[in-house]
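# Per-entry structural report
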Amino acid sequence: MSTHIIEGKKISDQIREEIREEAARLKEQGIVPGLAVVLVGEDPASKVYVGSKEKACTQLGMYSEVHRLEETASEEELLELIDKLNKQSTINGILVQLPLPKHINEKAVIDAISVDKDVDGFHPVSTGNLVIGDDSLLPCTPAGVIELIKRSGVDIAGKHAVVIGRSNIVGKPVAMLLLRENATVTICHSRTANMKELAKQADILVVAIGKAKAIDSSYVKPGAVVIDVGINRLPDGKLAGDVDYEDCLDTAGYLTPVPGGVGPMTITMLMGNTITAAKRANKSKG
Ligand code: GUN
């Protein structure tokens, strides 16, 4: 069986073009979506991510500001900044880059972000709205997974989706989104007794466990859609997903590569959330 490779970069570029056009339409109405990114400390990976977010905003015609705080900044200082950004009308989205230094309570920080500006979709109210099925800003990586599946022409409704991993940032929200798309959803995790048996029943298999090449073709039903959310650094410096890509070729019907699969979607969905937040903010004004 020949496997369709889901080209995340290509799909992400298409969506960015749509976002750029939408931003241009909003500009004609005097609306410039604005994103504030907050970086605390000097984590090298975080610095790269923040730079990419800033660049994406500029390329798509959106406003961005980056607030860089010292590693030693206090939680109070960070909460004061968030309070200021919550009130700032030029800012529609606030993203605090994680992880934060250990002396800062991550939950207190996430909870302080205005739900209307929660473009990461990490606030408990955003999570609650997602579960209930009310309008909310969706967590970026899970929303990207759904877009990749849909834009590959796969109908989710009625399918059996198996999610491996139950993290708050990927596994749980992706399961909720698949349910919202009318899939029948099974969530597997480290304590699941018969994971392989369950995974083999999946029409759609989403893997987010953070373990390089943990899922090989023996977990995959022939023809299944396999979405690999993992990004792991191998000892030789190369990147690998949670799925053994080579091994799953010719078994999976659809497969995402790493890099170039889910990865490029995350920032794109963040840009989409910022547009959505800007539209909502301006609607409520009128
Ligand atoms: N660190 C790694 N990924 C993310 C993300 O999606 N959002 C935030 N805020 N921090 C991150």
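Heads up: these notes are all about the structure in this document. (Residues numbered from 1 in each chain as written. Predicted model: local features only at pLDDT ≥ 70, side-chain atom pairs only at ≥ 80, totals over all residues. Heavy atoms only, no water.)

### Examining the overall build of the protein chain
Threshold: Each helix is a run of DSSP H or I of at least 4 residues and each strand a run of E of at least 2, with the numbering of both proceeding from the N terminus. The globule rule is 2.2 Å times the number of residues to the power 0.38, and the radius of gyration it is compared with is taken over C-alpha atoms. Remark: exposure states derive from per-residue accessible area (1.4 Å probe, protein chains only) relative to the maximum for the residue type, with buried under 20%, exposed over 50%, and partly exposed in between. Two residues form a contact once any of their heavy atoms are found within 4.5 Å. Every accessible area reported is derived by Shrake-Rupley at a probe size of 1.4 Å, with residue values counting cover from the shown protein chains alone.
In terms of helices and strands, the protein chain carries 10 helices and 11 strands. For 286 residues, the compact-globule estimate of 2.2 N^0.38 gives 19 Å, and the C-alpha radius of gyration of the protein chain, at 19 Å, lies within 12% of that figure. When the backbone C-alpha atoms are referred to their principal axes, the protein chain occupies close to 55 × 40 × 35 Å. Within the protein chain, buried positions represent 49% of all 286 residues. By sequence separation, contacts in the protein chain at least 24 residues apart represent 69% of the contacts at least 6 residues apart. Of the accessible surface of the protein chain, which amounts to about 13800 Å², a share of 51% is contributed by carbon and sulfur atoms.

### Description of the packing of helix α1 (residues 8-28) against helix α6 (residues 140-151)
Quick note on the threshold: Angles shown run from 0 to 180 degrees and are taken between the N-to-C directions of axes, each axis being a line fitted to C-alpha atoms and, for helices, limited to the stretch in contact. Any angle between 65 and 115 degrees counts as roughly perpendicular, while under 35 counts as roughly parallel, over 145 as roughly antiparallel, and the rest as oblique. Charged residues are taken to be Asp, Glu, Lys and Arg, nonpolar residues to be Ala, Val, Leu, Ile, Met, Phe, Trp, Tyr, Cys and Pro, and polar residues to be all remaining types, Gly included.
The contact between α1 and α6 brings their axes to 11 Å, and the two run at 100°. Between α1 and α6, the interaxial angle falls into the category roughly perpendicular. Contacts from G8, I11, Q14, I15 and E18 of α1 reach α6 at E147, L148 and R151. Residue composition of the contact of α1 with α6, grouped by class: three nonpolar, two polar and three charged.

### Describing empty space enclosed by the protein
Empty space among the atoms can be located by rolling a probe the size of a water molecule over them. Put simply, the test is: Definitions used throughout: a 1 Å grid over protein atoms alone; a cavity as a set of points that fits a 1.4 Å probe which cannot get out; a pocket as an open set with protein on both sides within 12 Å along at least five of seven lines; a lining residue as one with an atom within 4 Å of a point. Grid points are joined across faces, edges and corners, and a volume is the space filled by probe spheres set on the points.
A complete count under the given rule lists one cavity of 30 Å³ or more for this structure. Taken as a whole, the largest cavity encloses approximately 70 Å³ of empty space. Lining of the largest cavity is provided by I94, L95, V96, L98, I110, I113, D118, D120 and F122. For the lining of the largest cavity, the class distribution of residues is seven nonpolar, no polar and two charged.

### Points about the layout of surface pockets
Estimates place the volume of the second largest pocket at around 490 Å³. Lining the second largest pocket we find 23 residues, and of these E147, M269, G272, N273 and T276 sit closest to its centre. Those elements that place two or more of their residues in the lining of the second largest pocket are α1, α6, α7 (171-180) and α10 (263-285). At eight residues, α10 tops the list of elements feeding residues into the lining of the second largest pocket. Looking at the lining of the second largest pocket residue by residue, the classes come out as nine nonpolar, five polar and nine charged.

### Points about the site of the ligand
Note the cut-off: Being near a molecule or strand, for a residue, comes down to having at least one heavy atom within 4 Å of it. Within 3.5 Å is the distance limit for a polar contact, defined as a pair of N or O atoms, with the added protein rule that one can donate a hydrogen and the other accept it, and that residues adjacent in sequence qualify only through two side-chain atoms.
Residues in close proximity to the ligand include L95, V96, Q97, L98, D120 and F122, which together make up its full environment. In the model, a nitrogen atom of the ligand is placed 3.1 Å from a nitrogen or oxygen of the Q97 side chain. In terms of residue class, the shell around the ligand is built from four nonpolar, one polar and one charged.

### Focus on the packing of aromatic side chains
A ring pair, where both rings are aromatic, is described by two values, the distance of the centres and the angle of the planes. Applied cut-off: Aromatic contacts are taken between Phe, Tyr and Trp rings whose centres are within 6.5 Å, Trp giving its six-membered ring; a plane angle under 30 degrees counts as stacked, one over 60 as edge-to-face, and the others as tilted. Charge-over-ring contacts are defined here by two conditions on Lys NZ or Arg CZ: a distance within 6 Å of the ring centre and an angle within 35 degrees of the ring normal.
Enumeration over the complete set of coordinates arrives at zero aromatic pairs. Here the guanidinium or amino end of K196 rests over the ring plane of Y219, the centre of that ring lying 5.0 Å away.

### Topic: the pattern of salt bridges
Spelled out, the test is: Just to be clear on terms, a salt bridge is a Lys or Arg side-chain nitrogen sitting within 4 Å of an Asp or Glu carboxyl oxygen.
A full pass over the atoms with the stated rule returns 13 salt bridges. Note that E42 and K47 form a salt bridge whose closest N and O atoms lie 2.6 Å from each other. With relative accessibility at 40%, the residue K47 sits in the partly exposed group. Three or more residues are tied together by salt bridges with common partners; here these are E18, E147 and R151.

### Quick notes on the pairing of strand β3 (residues 63-69)
Stated formally: One requirement defines pairing of two strands: DSSP has to find at least two bridges between them. Crossovers are described as right-handed under a simple rule: with the strands pointing away from the observer, the path leading from the first strand over the helix to the second runs clockwise.
Burial of β3 is extensive: five of the seven residues sit out of reach of the surface. As defined by bridge partners, strand β2 (residues 34-40) adjoins β3 across seven bridges and the pair is classed as parallel. Across the sheet, L39 pairs through a bridge with R68, a residue of β3. Following the backbone out of β2, through helix α2 (residues 44-59) and into the adjacent parallel β3, one traces a crossover that is right-handed.

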